[in-house]
Structures are given as structure tokens and as C-alpha cells.
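# Close look at the chain arrangement
Here is how the chains run, residue by residue.
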Amino acid sequence: MTDSITSDPVAAAKALAPQIKAAREYIQSECRFPRPLVEGLAQGNLFQLYVPKCIGGPETDPITAFRAVEELSKADGSVGWCAAIAGAISIYAAWLPANVGRELFGQPLDIRAAGSFRPTADARKIDGGYKIGGRWDYVSGSDHANWLVLNCNIIDGESQILDAQGGPVTRMMIVPRSAAAVEKTWSTLGMRGTGSNDVIIEEAFVANEHTCLLYDRRTVTALSWILVAANALGMARGAMDTFVRLATNSGTTTTPALMRDRTSVQTTVGEAEAIIGAARAYVLDSVGSLWEGA
């Protein structure tokens with residue numbers, strides 16, 4: 001990729017569309033992305049949209065991030081989903097001290113994160129950090145990830161630590177992907193390329209400075225869900241574009257008349273376009289207001 005594309009994630013996403021479409025059969029059959037596509041997404045900063053500039057990240061604003069994920073999702077829903085999840089998780093790099101982030105993630109920066117916000121395993125407090133182990137499910141993109149960000153229940157001695165409301169205290173643990181094994185549990189009809197398998201860690205040490213809270217006071221949680229909305233709306237746009245091409249060029253088994261010339265099809269397409277357009281406008285307006293306020 002050229003520097004001009006790399007610095008603009010929306011342009012990078014658009015440029016990757018032909019490569020993504022050419023790889024869709026592989027993505028569907030193998031439940032993962034081909035290596036050249038992974039490298040293209042990484043070079044375009046599409047896995048690390050929210051990483052702060054102080055450690056070498058693009059620190060993408062949410063409107064631009066939305067449009068980048070939307071473009072990927074038009075080409076393939078699984079690619080857009082993995083970029084959305086990795087982008088949402090990448091914001092946790094901002095909770096680390098800048099010197100720790102630069103040392104941990106390297107320069108030039110390369111964060112291809114996968115993870116789970118569900119605390120399905122424990123982290124035991126020890127000197128200098130935590131000892132973690134267990135299983136986390138639905139970890140999208142774990143095959144191409146180089147980092148895992150995993151939520152854990154905190155254990156002190158033999159007891160689980162509870163908060164003032166009696167709920168479990170949890171903490172996000174940032175560990176290299178090499179510390180975990182992937183168990184292939186993702187067997188679906190759709191979105192197969194997300195590779196949302198289980199990850200298992202037998203035992204790993206995580207230093208205190210490589211941890212953070214799931215909901216820190218600085219967290220703008222809406223940023224995560226903006227990208228999920230972009231994935232859904234991008235898939236809807238891609239589906240509509242595909243249908244319109246079909247309707248323009250073909251009839252059905254019962255009549256050679258083009259689908260585009262049928263009143264019922266025209267009505268349904270108009271209704272679908274209105275729904276997609278209204279939803280997209282609402283999200284972008286709400287996100288714009290949120291960002292201006294922030």
C-alpha cells in the first residue's frame with residue numbers, strides 16, 4: 001500500500017474491496033482470512049483504528065472509523081466484523097502508559113487484537129501482576145491476531161474479589177496471542193470468516209502494567225458499538241447493491257421480465273433503501289453529536 005492510502009483508513013478499505021471479494025470463497029470455506037489480506041488490513045491501520053497517536057497509532061475519529069468498517073463490510077461481513085472488533089478493542093491501548101504501550105506493541109506499531117469482554121476465566125493476584133488461565137469463547141479474529149485482550153475475574157488467595165454491590169471484580173489482561181491455543185469451535189452457516197473460536201491459556205503471567213479496567217472512567221463505550229453498527233449497515237448496503245445488480249440483469253424462473261420492472265420489487269427496494277438510509281443517518285448524526293460533546 002502507498003503511504004497516502006495507509007494514512008486514510010476509508011481509502012484503504014475501499015482499495016482492499018477487490019481483494020476481499022476475490023477471497024470470499026476462501027474466507028467462507030476456511031473460516032479465516034488469507035495471509036495477504038491480513039497484511040493489507042494491518043497496513044491500512046484497519047485493525048488498530050483507535051490506538052492513540054502517543055504510541056504510534058492513528059487515533060481515528062469515530063465517524064472515519066465508522067466509514068472504514070462500513071466499506072469493508074460492504075465487501076464481506078466477516079472482514080468488517082473482525083475489523084470492528086479489533087478496532088473496538090484497540091482503544092484499550094490508550095489505558096496503558098505511553099512508554100509501556102510503545103514497548104509492548106513495538107514500533108512501527110502492529111496491534112491485531114482479538115479478545116473477550118466476558119470474564120469466563122480467573123486471574124490470581126501474585127507479586128508484580130496476575131497468573132491467568134482458562135477458556136474464553138467467541139474470540140473473533142483469533143487466528144490472525146497477535147494480541148489478546150481478555151477479561152478475567154480477580155482472585156486473591158482462594159477468594160474471588162467482589163465489589164461493593166457483591167458482583168465480581170474483573171480486569172482486562174493484555175497477553176501475546178502466542179500464549180494461547182485456539183480450539184476450533186466456530187461452525188456456522190454465516191459469518192464463518194470471523195473465526196470466532198475459543199482460546200485457551202493453560203497458564204500465563206501478566207504484569208500489572210499490562211492490565212486495565214473494562215470500564216475505565218475515561219472509556220467512551222459508544223466507540224465500540226459504533227463499529228458494530230457500521231458492520232451491520234455495511235452488510236445491508238452490500239446486500240442491497242448486490243440485489244439491485246441482479247434485478248437489473250435477470251428475471252426469474254417463472255418470467256423473463258427483469259425484476260427491476262416489477263412494481264412489488266420496486267416497492268420493496270424503496271422500503272429497504274429508506275430503512276438503511278434512515279438508520280445510517282441516525283447513527284452518524286448521533287455519533288457526530290456525541291463526538292462534538294466529548
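Summary of the structure given here. All values derive from a computational prediction rather than experimental measurement. Sequence positions are assigned chain by chain, starting from 1 and proceeding in written order. pLDDT decides what is reported in this predicted model: residues at 70 or higher carry local features, side-chain atom pairs at 80 or more are listed and counted, and totals for whole chains, interfaces and linings draw on all residues regardless. Water and hydrogen atoms play no part in the side-chain values, which are based on all heavy atoms of the structure.

### Notes on the overall build of the protein chain
- Numbering of helices and strands runs from the N terminus, with a helix taken as a DSSP run of H or I at least four residues long and a strand as a DSSP run of E at least two residues long. When you go through the protein chain residue by residue, the secondary structure sums to nine helices and nine strands.
- In this description the radius of gyration comes from C-alpha coordinates, and the expected globular size is given by 2.2 Å times residues to the power 0.38. Whereas a compact globule of 294 residues would reach a radius of gyration of roughly 19 Å, the protein chain reaches 21 Å, a difference of no more than 12%.
- Principal axes of the C-alpha set define a box for the protein chain whose edges measure 75 × 45 × 40 Å.
- Buried residues are those whose accessible area, probed at 1.4 Å on protein chains only, stays under 20% of the maximum for their type, while exposed residues exceed 50% and partly exposed ones sit between those limits. Relative to its full complement of 294 residues, the protein chain shows a buried share of 47%.
- Two residues qualify as a contact provided that any one of their heavy atoms is within 4.5 Å of a heavy atom in the partner residue. Across the protein chain, contacts joining residues at least 24 apart in sequence account for 71% of those joining residues at least 6 apart.
- In summary, the charge assignment counts Lys and Arg as positive and Asp and Glu as negative, without counting His or the chain termini. Every charge is mapped to an atom, namely NZ of Lys, CZ of Arg, CG of Asp or CD of Glu. Between the averaged position of the 26 positive side-chain charges in the protein chain and that of its 31 negative side-chain charges there is a distance of 4 Å.

### Observations concerning helix H2 (residues 9–22)
- For H2, which comprises 14 residues, the first-to-last C-alpha distance of 20 Å matches the rise-based estimate of 20 Å (1.5 Å per residue) to within 8%.
- Note that bend, as reported per residue, equals the angle between axes fitted to the 7 residues terminating at that residue and the 7 residues originating from it. Largest kink in H2: about 40°, centred on Leu-16, with the proline Pro-18 one to four residues after it.
- Listed in full, the buried residues belonging to H2 are Pro-9, Val-10, Ala-12, Ala-13, Leu-16, Ala-17 and Ile-20.
- Pairs of N or O atoms within 3.5 Å make up the polar contacts considered here, provided that, within protein, one atom can donate a hydrogen while the other can accept it, and that residues adjacent in sequence are counted only when both atoms are side-chain atoms. Two or three places before Val-10, at the start of H2, stands the capping residue Asp-8, its side-chain oxygen 3.1 Å from that residue's backbone nitrogen. Multiplying one less than the number of residues by 1.5 Å gives the expected span of a helix.

### Considering the packing of aromatic side chains
- Two rings from Phe, Tyr or Trp (for Trp, the six-membered ring) form a pair when their centres are within 6.5 Å of each other. A pair whose planes differ by under 30 degrees is stacked, one over 60 is edge-to-face, and the rest are tilted. All chains considered together, the criterion is met by four aromatic pairs.
- In textbook terms, an aromatic cluster arises when at least three aromatic residues are bridged by ring pairs, as seen for Tyr-92, Trp-95 and Phe-117.

### Some details on the environment of Gly-115
- On the secondary structure map, Gly-115 appears in strand S1 (residues 113–116).
- Remark: the alpha-carbon pair of Gly-115 and Ser-289, spanning 174 residues in sequence, is separated by 29 Å.
- Not counting chain neighbours up to four residues away, the residues in contact with Gly-115 comprise Ile-89, Tyr-138, Val-139, Val-149 and Leu-150.

### Re the pattern of salt bridges
- Whenever Lys or Arg places a side-chain nitrogen within 4 Å of a carboxyl oxygen from Asp or Glu, that contact is recorded as a salt bridge. Across all of its chains, the model carries 11 salt bridges by this definition.
- A salt bridge links Arg-35 to Glu-39; the shortest N-O distance between them is 3.6 Å. Separated by four residues within a single helix, Arg-35 and Glu-39 lie in helix H4 (residues 35–43), roughly one turn from each other.
- Note on Arg-35: relative accessible area 43%, which makes it partly exposed.
- Among the salt bridges present, the one from Arg-237 reaches Glu-273, with a minimum N-O distance of 2.7 Å. Of this pair, Arg-237 sits in helix H8 (residues 222–249) while Glu-273 sits in helix H9 (residues 263–293); the two residues are 36 residues apart in sequence, bridging distant segments of the chain.

### Section: the side chain of Asn-146
- Residue placement: Asn-146 occurs in the loop between strand S3 (129–139) and strand S4 (147–156).
- Judged by its relative accessible area of 19%, Asn-146 is buried.
- Among the polar contacts made by the side chain of Asn-146, one reaches the main-chain amide nitrogen of Arg-112 at a distance of 2.8 Å.
- Not counting residues within four places of it along the chain, the set of residues in contact with Asn-146 comprises Asp-110, Ile-111, Arg-112, Ala-113, Pro-176 and Arg-177.

### Focus on the packing of helix H5 (residues 62–75) against H9
- To define axes, lines are fitted to C-alpha atoms, for helices over the stretch in contact only, and angles between the resulting N-to-C directions are given on a 0 to 180 degree scale. Running from N to C, H5 and H9 point in directions that differ by 150°, and their axes come no closer than 9 Å. Between H5 and H9, the interaxial angle falls into the category roughly antiparallel. Every residue of H9 that contacts H5 at Pro-62, Ile-63, Phe-66, Arg-67 and Glu-70 is listed here: Arg-280, Val-283, Leu-284, Val-287, Gly-288 and Trp-291.
- Residues were grouped as follows: Ala, Val, Leu, Ile, Met, Phe, Trp, Tyr, Cys and Pro as nonpolar; Asp, Glu, Lys and Arg as charged; and all remaining residues, including Gly, as polar. For the contact of H5 with H9, the residue count by class is seven nonpolar, one polar and three charged. Throughout, the term roughly parallel applies to angles under 35 degrees, roughly antiparallel to angles over 145, roughly perpendicular to angles from 65 to 115, and oblique to all others.

Nothing here speaks to function; it is geometry throughout.
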